[in-house]
Every structure is written in structure tokens, then in C-alpha cells.
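# Overview (structure and organization)
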Amino acid sequence: MGTRAKEDIQPKTPDEIVKIHAAGRIVRYALEAMRDAIVPGVSSTSDLERAAARAITEKGGTSAFLGYAPMGHPPYPAWTCISVNEEVIHGIPGRRVLQSGDIVGCDVGVKLDGYFADGAWTFPVGRVEAEIERLLATAEEALFQGIAQARTGHRVGDIGAAIERHVRRRGFSVVHEMVGHGVGRALHEAPQVPNHGRPGTGPLLLEGTTLAIEPMVNMGSRQIEVLNDGWTIVTHDRKMSAHFEHTVAVTRNGAMILTQGD
Ligand code: MF3
Ligand code: CO
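Thresholds applied
- Residues numbered from 1 in each chain as written.
- Chains lettered and ligands numbered in written order.
- Predicted model: local features only at pLDDT ≥ 70, side-chain atom pairs only at ≥ 80, totals over all residues.
- Heavy atoms only, no water.
- Salt bridge = Lys/Arg side-chain N within 4 Å of Asp/Glu carboxyl O.
- Buried < 20%, exposed > 50% of the residue type's maximum accessible area, 1.4 Å probe, protein only.
- Helix = DSSP H or I, 4+ residues; strand = E, 2+ residues; numbered from the N terminus.
- Donors = N, O, S within 2.8 Å, 3.2 Å for Na, K, Ca; no water.
- Pairing = 2+ DSSP bridges.
- Axes fitted to C-alpha atoms, helices over the stretch in contact; angles between N-to-C directions.
- Contact = heavy atoms within 4.5 Å.

## Here's the deal with the pattern of salt bridges
Taken as a whole, this structure holds 13 salt bridges when the rule is applied. Residue Arg-35 is joined to Asp-36 by a salt bridge in which the shortest nitrogen-to-oxygen separation is 3.1 Å. The class for Asp-36 is exposed, based on a relative accessible area of 55%. Across the pair Arg-238 and Glu-225 runs a salt bridge, and its minimum N-O distance is 3.2 Å. Taken together, the positions of Arg-238 in the loop between β12 (233-235) and β13 (241-243) and Glu-225 in strand β11 (residues 224-226) put the pair 13 residues apart, joining distant regions of the chain.

This is the structure in C-alpha cells:
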């Protein structure tokens, strides 16, 4: 037996996948609580953060994000990431009040019993323009196109290729700099899961591989910037961006979504 580099995929046992799924159910529950807390013209992003924290605590989980400090970042100061309109990901909850016509990306990571799951959804606030509805639908569809590739014997590049193909067909663009990731024993594990790529390239997906697949889809150009808070990623052209994420387990029969109820 050779030694395993930290950069290698570490497939999970069925028992571990059960634990990641338990964390993932709480992710889903918290995202629903955030959605239900949206009142156009009334609720702030902090209100959604509080709703998520309450939901996670009620189920016995903790935030995988609070205090998280990867190299070059200040410790993350909240339980969730909330990204409005031109914010792509990693928006910090605060006093901003959500208005009808906005979109709000909610991202939740839960740790439960030593295991992690990560998920995100972008919700319309009140009524949004038809083109924004199309952006949301495209990004969600792109996530599921990527998930459909997450099966034994496929490679990581198959996921990104499927995501970007779908997004380009709809006339939108995919962020390249920020990627999905392995998840389970930690929030971020190998491999990186880009939202673009070439079919048949990249690490091989083994039975039990657990991945967070998370396309970020921009209405305009794919270029991004980081705000001065050290966290918030925004589109360079300040046009809208949508983000959808599921934690999945790779099986011979396809991907099993762990950030949902069943
Ligand atoms: N789901 C996001 C990601 O995977 C959020 C993690 S950043 C954190 O990048 F600091 F908020 F944890
Ligand atoms: Co993630």
C-alpha cells in the first residue's frame, strides 16, 4: 500500500456518509429557515443569519463557517454567507435590508458529530425580472447537470464541463477562480471541483467520494473582485450572480444528494 497524499481524494465509508447526510439535512433545514425569513423591504441579511443559526442549533449542529480562517483571510465572522445581487459568494450578513427584485444567495455549512456538509441556494426576493429568473433557473440546472456527472469512473473534469456547457448555452458565464471541493471530515478537502473543465480530465471519482458541487453563474462577464472586508466576492461588472450548492456522495448508481431530506 502506498501512502496517501493529503491532496488525494479520501473516499468515505457508508457509515461516514450517513453522518455527512445527517449534517446535510440540517443544511437543508437552515436554508429553508432563511428562505422563510425573507420579507421584502423588512428583513435584513442579519435576520436570515439569525434564522439559520436558530435552525442549526435546534437540530444540534454547529456552523462550519464561524471562525474559519483559510490562509490570507481574516476569521469568518458569521454562521452563514449571504450574498445579495452582484455579490457572488462569501457575503457577510449585516444590516442590508432585502428589497423586492433582489436575489439573495444563502450558503450554509454544518458540522455535526465530527462530520461536515455544505449547501447553498439563491432565492428571489419578492418579484424579480424575467432575465433574473432565467439566471436562477440556469444556475440551478447547471448544478444538477454537474451532479449527474458525479458517478463512479467519471472524472472531476466531467462535472465542470457539464456545468459550463449548460451555462454558456444559456448565454451566461461561470466563475473560474472559486471552486467546489471535497467535503466530509473537513469543510474543504481534496479535490478541487472547478465549474469548468474538459471531459475525461482530472481526478478519478471513486465510490464514496463526497463533493460539494457549487456553480457560480454570472449574468455578465465571469470576472470577479474581492471587497475590502477580505471575504465578499463581487462581479467585476456589478451584474447579478447566482450560486447553488449541494453536497453529494459518488456511488455506482450515480450521485446521492446529502443536503436534502430523503
Ligand atoms: N461554502 C463556501 C465555500 O465552500 C463557504 C466557506 S467560506 C467560510 O467556499 F468562511 F464561510 F466558511
Ligand atoms: Co462550499
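## Focus on the coordination of the cobalt ion (ligand 2)
The protein atoms that coordinate the cobalt ion (ligand 2) are Asp-118 (OD), His-181 (NE2), Glu-214 (OE) and Glu-245 (OE), at distances spanning 2.1 to 2.2 Å. Spacing between the donor residues of the cobalt ion (ligand 2) along the chain follows D-x62-H-x32-E-x30-E. With Asp-118 in strand β5 (residues 115-124) and His-181 in strand β7 (residues 180-182), this pair connects stretches of sequence that are 63 residues apart. No difference in accessibility class separates Asp-118 from His-181, as the two residues are buried.

## Some points on the sheet that holds β7
Working definition: the strands of a sheet are paired by backbone hydrogen bonds and lie parallel or antiparallel to each other. An order of β8-β7-β9-β14-β15 is seen for the 5 strands of this open sheet, with the pairing classed as antiparallel. Looking at strand neighbours, the two that pair on one side only are β8 (189-193) and β15 (254-257), the edges of this open sheet. Strand-to-strand twist in this sheet, taken as the mean axis angle between neighbours without regard to direction, amounts to 30 degrees. Note that β7 and strand β9 (residues 210-213) share 2 bridges and pair antiparallel. In the strand pairing of β9, Gly-182 is matched with Leu-211. Sheet strands touched by helix α3 (residues 130-148): β9, β14 (246-251) and β15. Its angle to β14, the strand with the most contacts, is close to 20 degrees.

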